[in-house]
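For reference, the chains in residue letters:
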Amino acid sequence: MLKTRIIPCILLKNSMVVKSKAFSEWRNIGNCINIARVYNAREVDELVILDITATNEKRPFLTSLVRDVADECFIPLTIGGGVRSVEDIRKMLQVGADKVAINTEAIRRPKFISEGAKIFGNQCMVVSIDAKRNSKGGHSVYSNSGTVEHAELTPVDWAQKAEDLGAGEILLNSIDRDGMMNGFDLELVAEVSDAVNIPVIACGGAGKPQDFVDVVKQGHASAASGASIFLYTQYTPNEVKRQMSKSGIDVRL
Amino acid sequence: MIAVVDYGMGNLRSVSKALDLLGFKNTIVSEPEALENAERIILPGVGAFGDAMDNLRERGWIPKLENEVLVKRKPVLGVCLGMQLLAENSSENGEHNGLGWIKASVRRFEIDEKKFKVPHVGWNNVTSSENSRLFKGIENGKSFYFVHSYHAVCKEPEVISATCEYGEVFAAAIEKGNVYGTQFHPEKSQKWGLAVLKNFVTNV
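What you see is a predicted model, and the numbers here were worked out from it, not measured in a lab.

Conventions adopted
- Note on numbering: residues in each chain are counted from 1, in written sequence order.
- For naming, the first written chain is A and the first written ligand is 1, with later ones following in the order written.
- A pLDDT threshold of at least 70 governs which residues receive local features in this predicted model, and a stricter bar of 80 or more applies before side-chain atom pairs are shown or counted, although totals over entire chains, interfaces and linings include all residues.
- Side-chain measures were taken over the full set of non-hydrogen atoms in the model, leaving aside hydrogen atoms and water.
- Think of a 1 Å grid over the protein atoms and nothing else: a 1.4 Å probe that fits but is trapped marks a cavity, an open set flanked by protein within 12 Å on at least five of seven lines marks a pocket, and residues with an atom within 4 Å of a point count as lining.
- Grid points are joined across faces, edges and corners, and a volume is the space filled by probe spheres set on the points.
- Residues are grouped as follows: nonpolar covers Ala, Val, Leu, Ile, Met, Phe, Trp, Tyr, Cys and Pro; charged covers Asp, Glu, Lys and Arg; every other residue, Gly included, is treated as polar.
- By convention, a stacked pair of Phe, Tyr or Trp rings (six-membered ring in the case of Trp) has centres within 6.5 Å and planes under 30 degrees apart, an edge-to-face pair has planes over 60 apart, and any other such pair is tilted.
- Where helices and strands are cited, they refer to DSSP runs of H or I of at least four residues and of E of at least two residues respectively, numbered from the N terminus.
- Three labels apply to residues, based on accessible area from a 1.4 Å probe with only protein chains included: buried if under 20% of the type maximum, exposed if over 50%, partly exposed otherwise in between.
- Polar contacts, as counted here, are pairs of nitrogen or oxygen atoms within 3.5 Å of one another; within protein the pair requires one atom able to donate a hydrogen and one able to accept it, and residues that are adjacent in sequence qualify only if both atoms are side-chain atoms.
- Here, residues are in contact when the closest pair of their heavy atoms is within 4.5 Å.
- To obtain an axis, a line is fitted to C-alpha atoms, over the contacting stretch when the element is a helix, and the angle between two such axes runs from 0 to 180 degrees between their N-to-C directions.
- Should an angle lie under 35 degrees it is considered roughly parallel, over 145 roughly antiparallel, and from 65 to 115 roughly perpendicular; all remaining angles are considered oblique.

### Focus: empty space enclosed by the protein
Part 1: Taken as a whole, this structure holds two cavities of 30 Å³ or more when the rule is applied.
Part 2: Its volume calculated, the largest cavity comes out at about 80 Å³.
Part 3: Contributing to the lining of the largest cavity are 13 residues, with A:Gln123, B:Gly47, B:Gln84, B:Glu92 and B:His148 lying nearest its centre.
Part 4: Looking at side-chain class alone, the lining of the largest cavity contains five nonpolar, seven polar and one charged residues.
Part 5: What lines the second largest cavity is A:Asp98, A:Lys99, A:Gln123, A:Cys124, B:Gly45, B:Val46, B:Cys80, B:Val147 and B:His185.
Part 6: In terms of residue class, the lining of the second largest cavity is made up of four nonpolar, three polar and two charged.

Put into structure tokens, the structure is as follows:
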């Protein structure tokens, strides 16, 4: 049986690992390679590393950093941040990434998803969707690390469009829940997970093991990601998985 | 010396590093001629079938690979897309011909995709056959890392040395003479993946 994945997320700002709250209030919490090493020792299912300022700083993700992590950590790796071209994707894969997460460029130029999928396969293309509640009671999609609102785009519409264009997975981030450790936005995750036939990785809000149980059982997520929980609390990915296993969810232990 | 073939389709580095970790001398080769010095060959692969075959063809790999593998009978391991390339053809993004070293066709999963989302991404249990050389010493049912939408449908079922189930049972590994393939990524499957890689080097 395919196991539900628990995927620690590492956010990078100026090459340092940061913890954020609602995509702001960043606090430096350490060095990427050191944190990756701990996750590697813990044998986590996968790792996501997102460079949150690459796009706004108009530069690509630092390939040297990807190489350093990939060289030591034999974990499936998804890299995102500043990926704007097929060449960027190729470079990431060459230095050890397995999948690439794209956000801003995909919104700006949706065909980019198809271009990448055609050459690298759709399993390589993760479309990252940042969503925030809007005044109309729904969610809007944001780009540029949560700074540009696309009010005309709902997470469900965009996820479906991304799927049609060739995305292999959706990385769904709740801006409101980010860093709050108060649980995932279950309604948002369920809406998107039920709307597409590609795996959805839920991100934003994980604070305790039960949150992961809820996001799978109620949110129908295929995988769940957390950052603050694994760096600020005593919970390790395996402890989260033990709770999930007790609740009847198939995980890799 | 193990040659890891660089045909422009990403992520050779992880395979090379995994071999380094296991203590096996290996080189990433970008020129077909370099295969002369290899004792065994690994064909990695991340990407789409059509592009991969185009790259292999355009860079002159096919005649050399055929000589080393089919004539000199050097062991070869195809990983993920690399395993799929061993097949006769694939229907990914149109019909494409593969290397044809195993009688198989690469097809997309035919399953209820609402229930079993495609691509098949993550860790899943692999059941191996008793006489498998790749899985020697590896307990049955261990999880390996998969990330794919297509898989090889084998017309010669005797070459399938391990299976996995995701809506349907599919070939997780093949072994045919000196030709080996894994649909999962052994270089990303931690302890048991490294054990499979080790078996490819020491047990075949």
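That shown, we press on.
### What about the packing of aromatic side chains?
Residues and elements named next belong to chain B.
Part 1: Going through the model one piece at a time under the given rule, you end up with 13 aromatic pairs over all chains.
Part 2: Taken together, a centroid distance of 4.4 Å and an interplanar angle of 35° make the contact between Phe144 and Phe184 tilted. Placement of the pair is Phe144 in strand E9 (residues 143-148) and Phe184 in the loop between strand E13 (179-182) and helix H5 (190-202), with a sequence separation of 40 residues.
Part 3: We classify Phe144 as buried; its relative accessible area is 0%.
Part 4: Taking 6.0 Å as the distance between ring centres and 70° as the angle between the ring planes, the aromatic pair formed by Tyr180 and Phe200 counts as edge-to-face. On the criterion of sequence distance, the pair formed by Tyr180 in strand E13 and Phe200 in helix H5 is long-range, its members being 20 residues apart.
Part 5: Given the relative accessible area of 2%, Tyr180 is considered buried.
Part 6: Residue Phe200 is classed as buried on the basis of its relative accessible area of 0%.
Part 7: The rings of Phe109, Phe116, Phe135, Phe144, Phe146, Tyr166, Phe170 and Phe184 are connected pair by pair, giving a single aromatic cluster.

### With respect to the side chain of A:Thr55
Residue and element names in this part refer to chain A.
Part 1: With respect to the helices, strands and loops of the structure, Thr55 is situated in the loop between strand E4 (47-51) and helix H2 (63-72).
Part 2: A polar contact is formed between the side chain of Thr55 and the backbone nitrogen of Gly82, at a distance of 3.4 Å.
Part 3: With residues up to four places along the chain from it excluded, the contact list for Thr55 reads Gly82, Arg84, Thr104 and Asn144.

### Concerning the packing of helix H2 (residues 49-58) of chain B against helix H3 (residues 61-71) of chain B
All names here are of chain B.
Part 1: Following both chains from N to C, one finds H2 and H3 inclined at 85°, their axes separated by 6 Å at the closest point. By the angle between their axes, H2 is roughly perpendicular relative to H3. Contact residues: H2 offers Met53, Asn55, Leu56 and Arg57, while H3 offers Trp61, Ile62 and Leu65.
Part 2: A class-by-class count of the residues in the contact of H2 with H3 yields five nonpolar, one polar and one charged.

Purely geometric numbers; function is a separate question.
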